[in-house]
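# Summary of structural features
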Amino acid sequence: MQAVNMIPSLLELHLSSCELSGFPHYSNSFVNLTSLLVIDLSYNNFNTTLLGWLFNITSLVWCNNLLEELHLGHNGLGGGHQLPDSLGNFYNLRSLDLSFNSFDGPLPNSIQHLTNLESLDLSTNSISGSISTWIGNFLQMKSLDLSFNLMNRIVPSSIGQLRELTVMYLDGNSWEGVISEIHFSNLTKLEFFSLHLSLKEQSFHFHVRPEWIPPFNLKHIDISNCDVSPSFNRLVGRLPCSFNVTWLFLGNNLLSGPIPSNIGDYSSLEVLHVSGNLLNGSIPASIDKIKYLSVIDLSNNQLSRKIPKKWNNLNQLYAIDLSKNKLSGGIPSWMCSISSLWHLILGENNLTGELSSCLQNCAELYSLDLGNNRFSGEIPKWIGERMSSLKQLRLRGNMFTGDIPKQLCRLSHLHILDLAFNYLSRSIPQCLGDLITLTFMALLQTEFDEDMTYSSYSYHMELVLKGQDMVFESILPVVNLIDLASNNLWGQIPDGITNLSTLSTLNLSRNQLIGKIPENIEGMQGLETLDLSCNCLSGPIPPNMSSITSLNHLNLSHNLLSRPIPTINQFLTFNDPSIYGGNLGHCGLPLSANCSNPNDQNHKHVQDEEEDDEDGRYMTWFFISMTMGFPVGFWAICGNLALNKSWRHAYFLFFDETRDRLLVFIIVNMARLKRKIERIGVHG
């Protein structure tokens, strides 16, 4: 900065994204920069609170009254301090950007002196308190962004006096009271408005009169999680936006009624997001006219009937979310022709039929959620062969039959596999242990998906963890889960599954699995939840399972397990006896059954292991002999009857005679019993 200080005629200083980490604290740092109009130090990482050197700049520039733009966003400034009062000395300032820093406390009153401000961005700090009524004095203000702070109390009605305002973002705060038409009275130039609150802040009310005509036509509207007035609780009628609107986000507002049939007239829409309302009726076919649409989210409403069949112009879609409605029918073919589609979310509906093979054309899918519908047939092999980018596959709660396709093991990016509550049978594929994303090496390369940066759609998925339904959004890319519960799977747990060192949740409960818990289970060091309940597993709990110190939810109940329960590491925290219940051979805490002394117990372990091996051999030969004996016995009898005519006649003649003799026997004895009853009645 000493070199820069030697240029007194410098008008603009741009050091954005230069990886600067320090800043001089001396009062003469800018002593010669008396002509500066613009300072841009954004996107660095300063290790200062800003207060010291900012005061020195302002004391100098105040005298010259020249600085017009100050950009300090995306640094680490503030350090938990309030914005300095010295900011009010920038009388000539037109643009102030302090976004993505660490300032807290209320806004200093000195800011009200910056009446020439055209752009104020204080987003993503920890600023608290309220907006003062002097906000109405910024008559030149065009852009106001106070989003994602800790501001509360009411939004002053004087904000409606900012007649030059085109952008107003108030998201992510804890506002109280009411926002009404008076807050928009003079905002005739407003084009971008966002009031996206968290669900817990629904004490904030958005009330307007039924006859109110907005003085603006918005191009971007986001009003979410608000308590809207009855006059605004329907999508029909005149929306406060122009037909050139690009973003329509009205989620979780208790909107009711049908989606307007002319929604397709908003042909410039890129995002249509009206999830979490009470919308009913069918999905309008006119949506097909919105050819630039990239996101359609109609989830969590009461929409019914079939998904429209002829949406052939929606070639820009990358996210379709129609989940949690009452939609019926199948998946229309137009969905299969969208090569750009990343997310197809149709769970929690009444969709039926087999999965159409045309879905394999969606080769770029990241997330496929068809859970809790009534799809049937086998899980297609082409999911593993053609959808190589798939990361989350949720097919739970359907009527799929057959086996788990081995082709799913080829999905090198798959980290969520949820096939629970179907009718799948046969054994678990050994190759599940080859899922690359769930191995240790993949953990080193794990990154959040690039599409998570798209604010237009925050994809989510409802999964069962630790026995509870949980919705994951921002952390979904790092959730690693395999859920095969409540099927008809049999055989042993494949040893290869222990290779999945970063798998956090494994649920194989309510199947027909036999054999022992894999001896190498200690390789699953990332395991947090393990549910093997309601199977036919036998033998001991592997002692090395105690080395999985991340394990915090365990259920081994209702199996044939035996031997003492481990009493070290995290097993000391499993105090609920029900997680071991239904295993008659288990003993030790937290169960009431005590174990024998260690020497006797060790001797018994050896005997039990020998008996288990011997029983296993007997059972193997039993199934082999039964498998071979049935066809041999069947054809020995039925084959002879089919080929030998005289034997066949004699066989059926024997059954005819036996039938006749049995019939005569029954009739004679019934007659005797009847006469006996009549004699008893006469003598009685």
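Before reading on, note that the structure itself is shown above.
First, a word on what this report is: a plain description of the structure on this page. If you're wondering where the values come from, they're calculated on a predicted model, not measured in any experiment. (Residues numbered from 1 in each chain as written. Predicted model: local features only at pLDDT ≥ 70, side-chain atom pairs only at ≥ 80, totals over all residues. Heavy atoms only, no water.)

Let's shift gears to the pairing of strand S42 (residues 560-564). Alignment of strand S40 (residues 536-539) against S42, held across two bridges, turns out to be parallel. Within S42, the residue paired with Gly 539 across the bridge is Leu 561. Two strands pair when backbone bridges link them, and S42 and strand S43 (residues 585-587) are joined in this way by three bridges, in the parallel orientation. The residue bridging Pro 564 from the neighbouring strand is Cys 587, located in S43. (Pairing = 2+ DSSP bridges. Helix = DSSP H or I, 4+ residues; strand = E, 2+ residues; numbered from the N terminus.)

Now for the pattern of salt bridges. Under the counting rule described, the total for this entry stands at twelve salt bridges. The salt bridge involving Asp 418 is made with Arg 396; its shortest N-O contact spans 3.1 Å. Placement of Asp 418 in strand S31 (residues 416-418) and of Arg 396 in the loop between strand S29 (392-394) and strand S30 (399-402) is noted, with a sequence separation of 22 residues between them. Under the relative-accessibility criterion, Asp 418 is labelled buried at 0%. Using a relative accessible area of 9% as the deciding quantity, one classes Arg 396 as buried. One network of salt bridges, with partners in common, ties together Glu 68, Glu 69, Arg 94 and Glu 118. (Salt bridge = Lys/Arg side-chain N within 4 Å of Asp/Glu carboxyl O. Buried < 20%, exposed > 50% of the residue type's maximum accessible area, 1.4 Å probe, protein only.)

This paragraph deals with the sheet that holds strand S16 (residues 227-228). In sheet architecture, strand pairing relies on hydrogen bonds along the backbone and comes in two forms, parallel and antiparallel. With parallel pairing, the three strands of this open sheet are ordered in space as S12-S14-S16. The open sheet has two edge strands with one neighbour each: strand S12 (178-180) and S16. Examined bridge by bridge, S12 and strand S14 (residues 205-207) share three bridges and lie parallel to one another. Residue pairing across strands places Val 178 opposite His 205, the latter belonging to S14.

Right, let's talk about the sheet that holds strand S7 (residues 126-129) for a bit. Read from one edge to the other, the open sheet built from four strands follows the order S5-S7-S9-S11, with strand pairing classed as parallel. Two strands in the sheet have a free side with no partner beyond their single neighbour: strand S5 (104-105) and strand S11 (174-175). As defined by bridge partners, strand S9 (residues 150-153) adjoins S11 across two bridges and the pair is classed as parallel. The partner of Asn 152 across the bridge, within S11, is Ser 174.

Take a nonpolar patch on the surface next. A cluster of nonpolar side chains, contributed by Leu 662, Phe 665, Ile 666, Met 670, Leu 673 and Ile 677, occupies part of the molecular surface with about 630 Å² of accessible area. Along the chain, Leu 673 falls in helix H5 (residues 645-683). Judged by its relative accessible area of 45%, Leu 673 falls in the partly exposed class. (Patch = residues over 30% accessible without salt bridge, like charges linked within 9 Å, V, L, I, M, F, W, Y side chains within 5 Å. Areas by Shrake-Rupley, 256 points an atom, 1.4 Å probe, with all protein chains shown as cover.)

Moving on: the environment of Ser 546. Position of Ser 546 relative to the elements: it lies in the loop between S40 and strand S41 (553-555). For Ser 546, a relative accessible area of 5% gives the class buried. In this structure, the C-alpha to C-alpha distance between Ser 546 and Ile 521, residues 25 residues apart in sequence, is 9.7 Å. Those residues in contact with Ser 546 that sit more than four places away from it in its chain are Ile 568, Asn 569, Gln 570 and Phe 571. (Contact = heavy atoms within 4.5 Å.)

Next up on the list: the side chain of Thr 529. Structurally, Thr 529 is set in strand S39 (residues 529-531). Residue Thr 529 is classed as buried on the basis of its relative accessible area of 5%. Aside from chain neighbours lying at most four places away, what touches Thr 529 is Lys 466, Ser 504, Thr 505, Leu 506, Leu 551 and His 553.

So, on to the pairing of S30. Going residue by residue along S30, you find Phe 400 and Gly 402 tucked away on one face and Met 399 and Thr 401 left uncovered on the opposite face. Pairing analysis gives three bridges linking strand S28 (residues 374-378) to S30, with the strands arranged parallel. Directly across from Glu 378, in S30, lies its bridge partner Thr 401.

Along the chain, Ser 501 turns up in the loop between strand S36 (488-492) and strand S37 (505-507). In this structure, the C-alpha to C-alpha distance between Ser 501 and Gln 525, residues 24 residues apart in sequence, is 5.4 Å.

Scanning the model with the defined rule gives two disulfides in all. There is a disulfide in this structure between Cys 587 and Cys 595, and the S-S distance comes to 2.0 Å. With the S-S bond torsion at 110 degrees, the cross-link from Cys 587 to Cys 595 turns out right-handed. (Disulfide = S-S within 2.5 Å.)

With that out of the way, let us pick up empty space enclosed by the protein. This model, assessed by the stated rule, comprises four cavities of 30 Å³ or more. If you go around the second largest cavity, the residues you meet are Ile 493, Ile 497, Thr 498, Leu 506, Leu 508, Ile 517, Pro 518, Ile 521, Met 524, Leu 530 and Leu 532. By residue class, the composition of the lining of the second largest cavity is ten nonpolar, one polar and no charged. (1 Å grid on protein atoms, 1.4 Å probe; cavity = no way out; pocket = protein on both sides within 12 Å on 5 of 7 lines; lining within 4 Å. Points joined across faces, edges and corners; volume = space filled by probe spheres on them. Nonpolar A, V, L, I, M, F, W, Y, C, P; charged D, E, K, R; others polar.)

Here we come to unusual backbone geometry. That bond from Leu 589 to Pro 590 is cis: its omega, 10 degrees, falls within 30 degrees of zero. Relative to the elements of secondary structure, Pro 590 occurs in the loop between S43 and helix H4 (598-643). For Arg 305, which is not glycine, the phi torsion reads 70 degrees and is therefore positive. Considering the arrangement of structural elements, one finds Arg 305 in strand S22 (residues 302-306). When its relative accessible area of 57% is taken as the criterion, Arg 305 is described as exposed. At Arg 563, a position not held by glycine, the phi torsion is positive, near 80 degrees. Along the chain, Arg 563 turns up in strand S42.

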